[in-house]
Amino acid sequence: MSNPSLLILAGDGIGPEVMTEVKKVIHWYGDKRDMAFDVSEDLVGGAAYDKHGTPLHDGTMAKAQEVDAVLLGAVGGPAYDNLDFSVKPERGLLRLRKEMDLFANLRPAQCFDALADFSSLKKDIVAGLDIMIVRELTSGVYFGEPRGIHLEDNMRVGINTQRYTEAEIERGARAAFELAMKRDKRLCSMEKANVMESGILWRDVVTEVHADYPEVELSHMYADNGAMQLVRAPKQFDVIYTDNLFGDILSDCAAMLTGSLGMLPSASLGFPMANGRPKAMYEPVHGSAPDITGQGKANPIACILSFAMALRYSFDQGAEADRLEAAVEKVLADGLRTADLIGEEGVAPISTTEMGDAIVAALDASL
Ligand code: NAD
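Novice: Please set out the packing of helix α11 (residues 318-333) against helix α12 (residues 352-365) residue by residue, giving values where relevant.
Specialist: A packed helix pair is summarised by two numbers, namely the angle formed by the two axes and the spacing between the axes. Between α11 and α12, the least distance of the axes is 8 Å, while the angle of their chain directions is 120 degrees. Accordingly, the angle class assigned to the pair α11 and α12 is oblique. When you trace α11 past α12, the crossing you get is right-handed. Residue-level inspection shows R323, L324, A327, V328, K330 and V331 of α11 in contact with α12, the latter providing M355, A358, I359, A362 and L363. The class makeup of the residues in the contact of α11 with α12 is nine nonpolar, no polar and two charged.

This is the structure in structure tokens:
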């Protein structure tokens, strides 16, 4: 049987720096766990624009459709800020999500004990936090028609449309229930059924899908209350399923419960391919961080944890994903910190490379 395939798109700014550390981890799995991957690399974002005049070459898009999983670093940077909207680096990312039909965006918010003091919330509220937000990613108000700005009686009017079909709600709901089955079997669906018809449909469809997952405890919450509960008592949640707009906001809110942007992974999943694996792209939540690019300051953990998500959700290697997360936890517990994780205590920071090497050493120690 051939090895599973990975396409690495490191992108711009700190993307290539953090991806270099992920490649060490990928090689470790090949060398030490007999889990070799067929890895190919290509350009995305500004790097692709510089070479091809487009943020995602058609050939790269075709490769992304064929591989078992895509690992993406970050795109964008000041050099590309004034480009036409159609060729901005972010368009490359959006094209990947859209053409691969990645409708379920998984954003874990997990608080490592060693970093509990780093959260903006009190330690006892976030210590041990482990929640997963599933955001519907390819429909809703960011895509609905009609949209635009036009004149009505000499007054400019801005329009966006929240539109969901039951199929769009259902496929994301199934992804969320499946995840809940692998976790604590609790799912909270968030919408605004009190004021939005799309919210009423959302609640109905999620309730219907629940019939196929009777072991999961389902609850419903208005999204504004959900935002309050996330900062009041986040540990009450296991999996949250919500729409594109609410998910955008709630997942950023949940993310900051855990401290630094440099720690946050994500996965975007689509329909299963012929081999049963879902179409998938894994990427850190952070951007290209032009302010620290080339200085060895970037935290590679978000990108490394994104690879851990690939192990779990694309390659069915949950135990190996646990091993990698435990290696990250150990390094942090040992007091190693990149600059973004340094609080007031004034510990000397280690570099991107040193953090990657320490995680590989912790993987070695786990054998
Ligand atoms: P950013 O996430 O790049 O940076 C925000 C702040 O967090 C910066 O101070 C940065 O130094 C810090 N930071 C981010 N990642 C870090 C890491 N791994 N280690 C240490 N510190 C880290 O967001 P921004 O500054 O708003 O955007 C910069 C560029 O990135 C823009 O061009 C933006 O469009 C792009 N962007 C891309 C993505 C993506 O590729 N998914 C996401 C967000 C922003």
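Novice: Mind laying out helix α3 (residues 58-66), listing which residues take part and the relevant values?
Specialist: Every buried residue of α3 is listed here: T60, M61 and A64. End-on view of α3: buried residues confined to an arc of 100 degrees, all on one side of the axis. Turned more than 90 degrees from where α3 packs its buried face, D58 and E66 sit exposed. Packing partners of the buried residues in α3 comprise β1 (5-11), β2 (38-42), β3 (69-74) and α4 (89-99).

Novice: With reference to specific residues and values, describe the layout of surface pockets.
Specialist: If you add up the space inside the largest pocket, you get close to 770 Å³. Around the largest pocket sit 29 residues that line it, and L93, L94, R97, R135 and L137 are the ones nearest its centre. Taken together, the elements giving at least two residues each to the lining of the largest pocket come down to β3, α4, β4 (104-110), α9 (244-255), β11 (265-272) and β12 (278-284). Among the elements that make up the lining of the largest pocket, the one with the highest residue count is α4 (seven residues). Of the residues that constitute the lining of the largest pocket, the class distribution is 11 nonpolar, eight polar and 10 charged. Here the lining of the largest pocket spans two domains, and each of domain 1 (1-108 + 265-367) and domain 2 (130-257) adds at least three residues to it. Reported here for the second largest pocket is a volume of approximately 520 Å³. Listing elements by their share of the lining of the second largest pocket, those giving two or more residues are β4, α6 (166-182), β11 and α10 (301-313). At six residues, α6 tops the list of elements feeding residues into the lining of the second largest pocket. Broken down by class, the residue content of the lining of the second largest pocket amounts to 11 nonpolar, three polar and seven charged. When residues of the lining of the second largest pocket are sorted by domain, at least three fall in each of domain 1 (1-108 + 265-367) and domain 2 (130-257).

Novice: How would you sum up the packing of aromatic side chains? Please name residues and give values.
Specialist: Counted by the stated rule, this structure contains nine aromatic pairs. One aromatic cluster is present, formed by W28, Y29, F37, F307 and F315 through successive ring pairs.

Novice: I'd like a rundown of the domain arrangement of the protein, residues and numbers included.
Specialist: For the protein, the assigned domains read domain 1 (1-108 + 265-367) and domain 2 (130-257). When domain 1 packs against domain 2, the two sides together hide about 1,400 Å² of surface, and 60% of this comes from carbon and sulfur. When the buried surface of domain 1 facing domain 2 is broken down by residue, F103, N105 and R107 rank first, second and third, together holding 47% of it. The interface formed by domain 1 and domain 2 holds two salt bridges in total. Between D101 and R171 there is a salt bridge; the shortest N-O distance is 3.7 Å. For the side of domain 1 that touches domain 2, the secondary-structure elements that each account for two or more residues are α4, β4, β11 and α10. Ranked by the residues each element gives to the side of domain 1 that touches domain 2, the list is headed by β4, at five residues. Among the residues making up the side of domain 1 that touches domain 2, the classes are represented as eight nonpolar, two polar and four charged.

Novice: Break down the site of the ligand for me, citing the residues and quoting the values.
Specialist: Near the ligand there are 21 residues, and of these E90, G287, A289, D291 and N299 occur at the shortest range. One of the backbone nitrogen or oxygen atoms of G287 is found 2.7 Å away from an oxygen atom of the ligand. Contact with the protein chains hides 68% of the accessible area of the ligand, taken as 800 Å² for the molecule alone. Residues that form the shell around the ligand fall into these classes: 10 nonpolar, seven polar and four charged.

Novice: Lay out the sheet that holds strand β8 (residues 186-191) with the relevant residues and their values.
Specialist: The 10 strands lie next to each other as β2-β1-β3-β12-β11-β4-β5-β10-β8-β9, forming an open sheet whose pairing is mixed. This sheet does not close on itself; its edge strands, each paired only once, are β2 and β9 (217-222). Direction aside, the axes of adjacent strands within the sheet are offset by 20 degrees on average. Where β1 lies against β3, five bridges are found, and the strand directions are parallel. Within β3, the residue paired with L6 across the bridge is A69. Most of the contacts of helix α1 (residues 15-32) go to β1, to which it runs at about 155 degrees, and overall it touches β1, β2 and β3.

Rules behind the numbers
Residues numbered from 1 in each chain as written. Predicted model: local features only at pLDDT ≥ 70, side-chain atom pairs only at ≥ 80, totals over all residues. Heavy atoms only, no water. Axes fitted to C-alpha atoms, helices over the stretch in contact; angles between N-to-C directions. Helix = DSSP H or I, 4+ residues; strand = E, 2+ residues; numbered from the N terminus. Parallel < 35°, antiparallel > 145°, perpendicular 65-115°, else oblique. Left-handed = near helix turned anticlockwise from the far one by under 90°. Contact = heavy atoms within 4.5 Å. Nonpolar A, V, L, I, M, F, W, Y, C, P; charged D, E, K, R; others polar. Buried < 20%, exposed > 50% of the residue type's maximum accessible area, 1.4 Å probe, protein only. Arc of directions from axis to C-beta. 1 Å grid on protein atoms, 1.4 Å probe; cavity = no way out; pocket = protein on both sides within 12 Å on 5 of 7 lines; lining within 4 Å. Points joined across faces, edges and corners; volume = space filled by probe spheres on them. Domains from an automatic or database assignment. Phe/Tyr/Trp six-rings, centres within 6.5 Å; stacked < 30°, edge-to-face > 60°. Buried area = accessible area lost by both parts, 1.4 Å probe. Salt bridge = Lys/Arg side-chain N within 4 Å of Asp/Glu carboxyl O. Near = heavy atom within 4 Å. Polar contact = N/O pair within 3.5 Å; in protein donor to acceptor, adjacent residues only side chain to side chain. Areas by Shrake-Rupley, 256 points an atom, 1.4 Å probe, with all protein chains shown as cover. Pairing = 2+ DSSP bridges.

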